[in-house]
Amino acid sequence: MSRIYYIAGNWKMHKTRAEAADLARALRTQLQDGVHKYLVAPSFSALETVGPLISGSNIRLGAQNVAVEEQGAHTGEVSVLQLKDLGVQTIIVGHSERRHVYKEEDALINKKLRLALKHGFEVILCVGETLEEREAGQAEVVCESQTLWGLAGLGATDLANIVIAYEPVWAIGTGKTATPEDADAIHASIRKVIGRLYGTSAAEQLIIQYGGSVKPENVKALMAKENIDGALVGGASLKAETFAAIAKF
Ligand code: PGA
């Protein structure tokens, strides 16, 4: 059986509804014969537009973030209940831009993750070290710690709905990609942590995506690695041609 990869596009804070609709339509067509698992995560403002356009296709609808509470006085936040209402299936938590620009900490990310699981969502938990941490030889330790914190309080059965994305902060949006060997080494260390906590079979089944300047030119070499099970794509997911080339590598 050939291996199924999970290729996700994070559109970040890009695209009006009309632009998002164009991209969603193009992807639906271009990915219809794709053999992998696919997801797009538009901005909150475009979820209602994109949802119906990919419904019934092989592309899942994702959100880039979620509020830490179910509802209440949280100006500017969007809740799990509202995301469910929009047909969202997957929620990304702990993206490095949330961690570093908006100062989200591990405990908050864990709370969001558990709330999303409670409401039946699949969750993509992002982890990754900064350049400083990598240069100090801390990459593995940082990723392991973010994984442990992110998954705190979960049981082995919860893991079926968890995906981890390893995204070295220094590789995001910079054009620099981790070498396939370096990425694979971190993926392996994350898998080891999961094995220790939840057993070998949970560790083997866990999908670990790589993210950080994934492009049509480098996707093949990354996906060839034993521990890399997919990609979380930012910049190159904004055009149908480049995302489709990655998705059908
Ligand atoms: P990039 O972003 O592909 O533009 O580097 C990846 C991400 O932040 O998910």
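This text follows the structure it describes.
Residues numbered from 1 in each chain as written. Predicted model: local features only at pLDDT ≥ 70, side-chain atom pairs only at ≥ 80, totals over all residues. Heavy atoms only, no water.

Engineer: Could you clarify how one ought to interpret the pairing of strand S1 (residues 6–10) in this entry?
Structural biologist: The side chains of a regular strand alternate, residue by residue, between the two faces of the sheet. Most of S1 sits inside the fold, with 5 of its 5 residues counted as buried. Both faces of S1 are covered, namely the face carrying Tyr6, Ala8 and Asn10 and the face carrying Ile7 and Gly9. Here 5 bridges tie S1 to strand S2 (residues 37–41), and the two strands are oriented parallel to one another. Paired with glycine 9 across the strands is valine 40, a residue of S2. The parallel pair S1 and S2 is bridged by helix H1 (residues 17–30), and the resulting crossover is right-handed. Pairing geometry for S1 and strand S8 (residues 230–233), over 4 bridges, is parallel. (Buried < 20%, exposed > 50% of the residue type's maximum accessible area, 1.4 Å probe, protein only. Helix = DSSP H or I, 4+ residues; strand = E, 2+ residues; numbered from the N terminus. Pairing = 2+ DSSP bridges. Right-handed = clockwise from strand over helix to strand, strands pointing away.)

Engineer: I tried to follow the site of the ligand on my own but got confused; where do I start?
Structural biologist: Taken together, the neighbourhood of the ligand is formed by 13 residues, with Lys12, His95, Glu167, Gly173 and Ser213 sitting nearest. Within the backbone of glycine 173, an N or O atom sits 2.7 Å from an oxygen atom of the ligand. Between the ligand and serine 213 there is a distance of 2.7 Å, counted from an oxygen atom to a backbone nitrogen or oxygen. Its free accessible area being 280 Å², the ligand has 95% of it covered by the protein chains. Taken together, the residues that form the shell around the ligand break down as 4 nonpolar, 7 polar and 2 charged. (Near = heavy atom within 4 Å. Polar contact = N/O pair within 3.5 Å; in protein donor to acceptor, adjacent residues only side chain to side chain. Areas by Shrake-Rupley, 256 points an atom, 1.4 Å probe, with all protein chains shown as cover. Nonpolar A, V, L, I, M, F, W, Y, C, P; charged D, E, K, R; others polar.)

Engineer: Looking at this model, I keep getting lost on helix H2 (residues 44–54). Mind explaining?
Structural biologist: Along H2, the positions that sit buried rather than exposed are Ala46, Leu47, Val50, Gly51 and Ile54. Seen from one end, H2 has its buried residues packed into an arc of 145°, which puts them on one side. Turned more than 90 degrees from where H2 packs its buried face, Ser45, Glu48 and Pro52 sit exposed. If you follow the buried residues of H2, they end up packed against H1, S2, strand S3 (59–63) and helix H3 (80–85). A positive backbone phi angle near 80° is found at glycine 56, which sits one or two residues after H2. (Arc of directions from axis to C-beta. Contact = heavy atoms within 4.5 Å.)

Engineer: I'm lost on the sheet that holds strand S6 (residues 162–166) in this one. Help?
Structural biologist: Backbone-to-backbone hydrogen bonds pair the strands of a sheet. The strands run either parallel or antiparallel. A barrel is described by the order of its strands in space; here 8 strands give the closed sequence S1-S2-S3-S4-S5-S6-S7-S8, paired in parallel fashion. Pairwise comparison of adjacent strand axes, ignoring direction, gives a mean angle of 25° for this sheet. Bridge analysis of strand S4 (residues 90–93) against strand S5 (residues 122–127) gives 4 bridges, and the strand direction is parallel. Bridge assignment links isoleucine 92 to a residue of S5, and that residue is isoleucine 124. (Axes fitted to C-alpha atoms, helices over the stretch in contact; angles between N-to-C directions.)

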